[in-house]
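# Structure at a glance
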Amino acid sequence: MKFWVDIQRRRLRRGKIPEHVAVIMDGNGTWAARRGLPRSAGHARGADALRRTLTEAAALGVKYLTVYAFSTENWKRPPEEINYLLNLFMEYLRKETTELVRNKITVRFLGGLERFAPELQELMRKAEVETRNPRPLVTINIMLNYGGRDELVRAANQVLKSGREVTEAALPDYLFTAGLPDPDLLIRTSGQLRLSNFLLWQSAYTEFWFTPQCWPDFSGRSFRQAVRSFQRRQRRRGGVSA
Ligand code: IPE
Ligand code: IPE
Ligand code: MG
């Protein structure tokens, strides 16, 4: 098993590896409902899927992994579910930080973080500081209270406030993702074929990959399939093929 995984990884690494992969981690509730479990059980198992994805991204040489963990619209959910999710994030941070440092993984939290409890904000800041590394193997951006429209409105206002004109060159400097390359590949699980307000500006020329698998079932193998599919694409960005 391990042997085949190594061979597959080596094969993929001979091709072009997406530098930046974005993931809409969807289908936790569906996964749980299918098993007669509460939605929270799906979220808990989703944390394992994130660990597997991060391991695979590191093994393949992906530099940036940006994951959608909580959207500006997810506040519409029942308070119990929101609390469960926020506690899960806190637990994840408390437990994982040392392991992340050991694996040279830098964590960043992007989104409207001011909306969260000070205690959670403090944990996020601490995790960012502790995992800071001049040469990280992978940088994981965890998007929380993130919405593409909210991000664009904030950015446009900030450009204007700085006295500059809103242009295609100026705007990205004020997005939460400032300084990051645009995602090369975007993965969405659970069979839903939409962006749900994720990275609206940044995904203009991103390649999409969808899978019916629910997020808790997502594996290293699924990630390799997505990268394999990416390697077969021809990115033209409005031009003509070479
Ligand atoms: C994704 O799974 C996790 C978050 C949105 C936080 P969902 O909770 O959306 O699960 P489904 O889509 O209802 O199955
Ligand atoms: C997108 O999934 C948000 C996250 C995965 C965090 P949703 O489950 O909120 O999106 P919709 O409601 O299916 O569009
Ligand atoms: Mg969903």
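Okay, so let's go over this structure. (Residues numbered from 1 in each chain as written. Chains lettered and ligands numbered in written order. Predicted model: local features only at pLDDT ≥ 70, side-chain atom pairs only at ≥ 80, totals over all residues. Heavy atoms only, no water.)

## With respect to the pairing of strand E4 (residues 138-146)
The criterion, for reference: Type-normalised accessible area, obtained with a 1.4 Å probe on protein chains alone, sets the label of each residue: buried when under 20%, exposed when over 50%, and partly exposed for intermediate values. Only DSSP runs of H or I reaching four residues or more are called helices, and only runs of E reaching two or more are called strands; each is numbered from the N terminus. Two strands qualify as a pair provided DSSP detects at least 2 bridges between them.
Among the nine residues that make up E4, nine are buried, leaving the element largely enclosed by the rest of the structure. Bridge count between strand E2 (residues 64-71) and E4: seven bridges; the pairing is parallel. The residue bridging Ser 71 from the neighbouring strand is Tyr 146, located in E4. Inspection of the sheet shows strand E3 (residues 105-110) paired to E4 by six bridges, in the parallel sense. Counterpart to Arg 108 in the pairing with E4 is Asn 141.

## Looking at the packing of helix H3 (residues 39-60) against helix H4 (residues 79-102)
Operational definition: To obtain each axis, a line is fitted to C-alpha atoms, and for helices this fit is confined to the stretch in contact; angles are then taken between N-to-C directions over 0 to 180 degrees. What sets the label is the angle itself: under 35 degrees gives roughly parallel, over 145 gives roughly antiparallel, 65 to 115 gives roughly perpendicular, and the rest give oblique. When the near helix sits turned anticlockwise from the far one by under a right angle, the crossing is termed left-handed; a clockwise turn instead gives a right-handed crossing. Contacts are assigned to residue pairs that have any heavy atoms within 4.5 Å of one another. Residue polarity follows a fixed list, in which Ala, Val, Leu, Ile, Met, Phe, Trp, Tyr, Cys and Pro are nonpolar, Asp, Glu, Lys and Arg are charged, and the others, Gly among them, are polar.
Remark: H3 packs on H4, axes separated minimally by 10 Å, with the N-to-C direction vectors making an angle of 30 degrees. Classified by the angle their axes make, H3 and H4 are roughly parallel. Read as a crossing pair, H3 and H4 show a hand that is right-handed. Here H3 contributes Arg 39, Ser 40, His 43, Ala 44, Ala 47, Leu 50, Arg 51 and Leu 54 to the contact with H4, which in turn contributes Glu 81, Tyr 84, Leu 85, Leu 88, Tyr 92, Glu 96 and Leu 100. Class assignment for the residues of the contact of H3 with H4 results in nine nonpolar, two polar and four charged.

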